[in-house]
Amino acid sequence: MGKKSHWPELEITGPICNLSPQLWRLSHLTSLYLNGNHLTRIPPDIARLHSLVYLDLSCNKLRSLPSELGDLVMLRELLLNNNYLRGLPLELGKLFKLQTLGLKNNPLSTDILAILTEPNGTQKLLMYLLDHLAVTATQPPEREWLSLSMPTRSHPVCVFTVMCYNVLCDKYATRQMYGYCPNWALNWEYRRKGIVNEIRHLNADIITLQEVETEQFFNFFLPELKNDGYDGIFSPKSRAKTMSENERKFVDGCAIFYRTQKFRLIKEHLMEFTQLAMANAEGSDDMLNRVMTKDNIGLAAVLETKEGAWMNGLPADPSLIHQPLLVCTAHIHWDPEFCDVKLIQIMMLMNELKNIVEDSAQSFRPGSHKPDSNAIPLLLCGDFNSLPESGVIEFLTSGRISSNHPDFKELSYKGCLQKLSSSEKQNEFTHSFKVSRAYSNEMMPFTNYTYDFKGAIDYIFYSDQHMVPLGLLGPLDPEWLREHKVVGCPHPHIPSDHFPLLVEFEMTSHKHHLTNGMVLRR
């Protein structure tokens, strides 16, 4: 017997009145021509042809369409000309990839015809149908809490939770990007309620956010979270400096909030990758043309624990109550074509964090020796736009990366990157922090969930010398996504295209956090 043939296109002409159920088994089909027949109905089983890109049902005797047609989300062309259709199922609005919708010579209602005759009528009609489609999905079930280790009961320890969340700012939440989501559920007024509800529900002690618009930080997030006992810091991307006051309001950036009962802010630091690339360029054209032009930022807060952060009583030595903690969040450049830029942004970030630890020691204890980078516990959270197998995550996890790593794209960076490295070796770059990932790949297969991309790109790293993760929030139930055919987020029940990460840490007190037993203090 020969190999099974898998032809991608099929034409059936007759004139046919009924279709064989065998047809719906051909799930590999990308084009199906059923035009010029005597079909009066299309069965719901058509949804099984999930690879269809082109479907021609013109010149039949169809009076209605099955709602399941809306599940064929790969469709780009749907031809329904010359039938007896008076209305369309609202589910057709789910066909967000559709470019051509043929509806000529059907006795359609005047409101549908009015939309179709407008400029860009097909897209407007799809939007209208989707916006009027009732949401039948139930709320997603609670994400499961995964316990990792037992908390210490025998002596005083600091225990706190940390959240990392890219909230998807309003200007990026467009129909072009997220055509599968109704407009009303993309609307910022609607989504921001869901976002702040999620933040309140998870109730973290430290909250790091990315894609927060400037105006939304000052007029929404900060006042809302201050009511809940937090204070916070924020910085927009560097482009804000070059804009008018009105335009600046819409520039997004990073924010860090902390529960004031548990933490005090000692100092904040802004890391602008544009400035750092310029300062470290050493004449490298690639550094100037590729790295310097991306205005992403990192934001760091040196915090100090208060009495409220302790469990099992307070340390016997009062000087140990106020433990330092360096919290950093960053939003790394998004474009997969610029993996070199992502890696260099992270290298610059780690070098700046090393400087912050050193400066903190100098300012709080003048004349002290430069401390070890791991003297202060570090929490590094963010949207790094990098998958677990990327150079970015290899560098963070292992502390080193080959200077010939493919993510550098064989571009001329070696000379200028050496001074960002903690190592004198010529064939590799290193950082001096000892950090681990809180989430393994198995615990959270994806943190970003859109139609075109599903993967883990958000991270929480922590100093493993000082902290132990006690537990973390597991993934959204994949069965719920499957059952409700959620092809991507945002969704009426999920306000961002990212899922928040949440980890509970235990941090032990160390008198030797900083050189000579110095502990950060105002």
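Predicted model, so just to flag it, every value in this text is computed and none were measured. (Residues numbered from 1 in each chain as written. Predicted model: local features only at pLDDT ≥ 70, side-chain atom pairs only at ≥ 80, totals over all residues. Heavy atoms only, no water.)

(A) Layout of the packing of helix H4 (residues 188-202) against helix H5 (residues 214-227). Packing of H4 against H5 brings their axes to within 11 Å, and their N-to-C directions diverge by 35°. As H4 runs across H5, the sense of the crossing is right-handed. Residues Trp188, Arg192, Ile195, Val196, Ile199 and Arg200 of H4 form the contact with H5, whose own contacting residues are Gln216, Phe220, Phe221, Glu224 and Leu225. (Axes fitted to C-alpha atoms, helices over the stretch in contact; angles between N-to-C directions. Helix = DSSP H or I, 4+ residues; strand = E, 2+ residues; numbered from the N terminus. Left-handed = near helix turned anticlockwise from the far one by under 90°. Contact = heavy atoms within 4.5 Å.)

(B) Structural view of the pattern of salt bridges. Applying the stated criterion across every chain yields a total of 22 salt bridges. A salt bridge links Lys262 to Asp205, with the nearest nitrogen and oxygen atoms 3.1 Å apart. With Lys262 in the loop between strand S10 (252-259) and strand S11 (263-272) and Asp205 in the loop between H4 and strand S8 (206-213), this pair connects stretches of sequence that are 57 residues apart. Of the two residues examined, Lys262 and Asp205, each falls in the buried class. The residue Arg482 makes a salt bridge to Glu479 at a minimum N-O spacing of 2.9 Å. Remark: Glu479 and Arg482 occur in helix H12 (residues 478-483); sequence separation between them is three residues, near one turn of the helix. (Salt bridge = Lys/Arg side-chain N within 4 Å of Asp/Glu carboxyl O. Buried < 20%, exposed > 50% of the residue type's maximum accessible area, 1.4 Å probe, protein only.)

(C) Representation of the pairing of strand S14 (residues 324-331) in the model. With eight of eight residues buried, S14 lies mostly within the body of the structure. Residues Pro324, Leu326, Cys328 and Ala330 of S14 are buried on one face, and the alternating residues Leu325, Val327, Thr329 and His331, pointing to the opposite face, are buried as well. In this sheet, S14 lies alongside strand S12 (residues 297-305) in antiparallel orientation, the contact comprising seven bridges. Within S14, the position partnered with Ala300 by the bridge is Cys328. (Pairing = 2+ DSSP bridges.)

(D) Seen up close, the sheet that holds strand S2 (residues 31-33). Spatially, five strands are ordered S1-S2-S3-S4-S5 in an open sheet, and the strand pairing comes out parallel. The sheet is open, and its two edges are formed by strand S1 (9-11) and strand S5 (100-102), each paired on a single side. Direction aside, the axes of adjacent strands within the sheet are offset by 5° on average. Taken together, the three bridges between strand S3 (residues 54-56) and strand S4 (residues 77-79) define a ladder with parallel strand orientation. The partner of Leu55 across the bridge, within S4, is Leu78.

(E) Examining H5 more closely. Relative to the 20 Å expected for 14 residues at 1.5 Å per residue, H5 spans 19 Å between its end C-alpha atoms, a close match to the ideal helical length. At Phe221, H5 shows its largest kink, close to 35°, and the proline Pro223 lies no more than four residues downstream. Every buried residue of H5 is listed here: Thr214, Gln216, Phe217, Phe220, Phe221, Leu222 and Leu225. In this fold, the buried residues of H5 make contact with H4, S8, strand S9 (230-236), helix H6 (245-248) and S10. Once H5 finishes, Gly229 follows within two positions and takes phi at roughly 95°, a positive value. (Expected span 1.5 Å × (residues − 1). Bend = angle between axes of the 7 residues up to and from the residue.)

(F) Spotlight on the sheet that holds S14. Taken in spatial order, the six strands make up an open sheet running S11-S12-S14-S15-S21-S18, and their pairing is mixed. Of all the strands in the sheet, just S11 and strand S18 (435-437) have a single pairing partner and so form its edges. Taking the axes of each pair of neighbouring strands and ignoring which way they run, one obtains an average angle of 20° across the sheet. Relative to strand S21 (residues 458-463), S18 runs antiparallel, the two being bridged by three bridges. If you follow Val435 over to S21, its bridge partner there is Ser463. Where helix H10 (residues 391-398) meets the sheet, its contacts fall on strand S15 (378-383), S18 and S21, and the angle it forms with S21 comes to roughly 15°.

(G) How the structure looks around the environment of Cys181. Along the chain, the position of Cys181 falls in the loop between strand S7 (157-166) and helix H3 (183-186). Spatially, the C-alpha atom of Cys181 lies 36 Å from that of Asn289, the residues being 108 residues apart in sequence. Discounting chain neighbours no more than four positions away, the residues touching Cys181 are Leu130, Arg175, Leu186, Pro490 and His491.

(H) A look at the pairing of S7. Among the 10 residues that make up S7, 10 are buried, leaving the element largely enclosed by the rest of the structure. Bridge count for S7 against strand S13 (residues 310-311) is two bridges, and the pairing is antiparallel. Looking across to S13, one finds that Cys158 is bridged to Trp310. As paired elements, S7 and strand S23 (residues 501-507) share seven bridges and run antiparallel to each other. Bridge assignment links Val162 to a residue of S23, and that residue is Val503. Examined bridge by bridge, S7 and S8 share five bridges and lie parallel to one another.

Keep in mind these values describe shape, not function.
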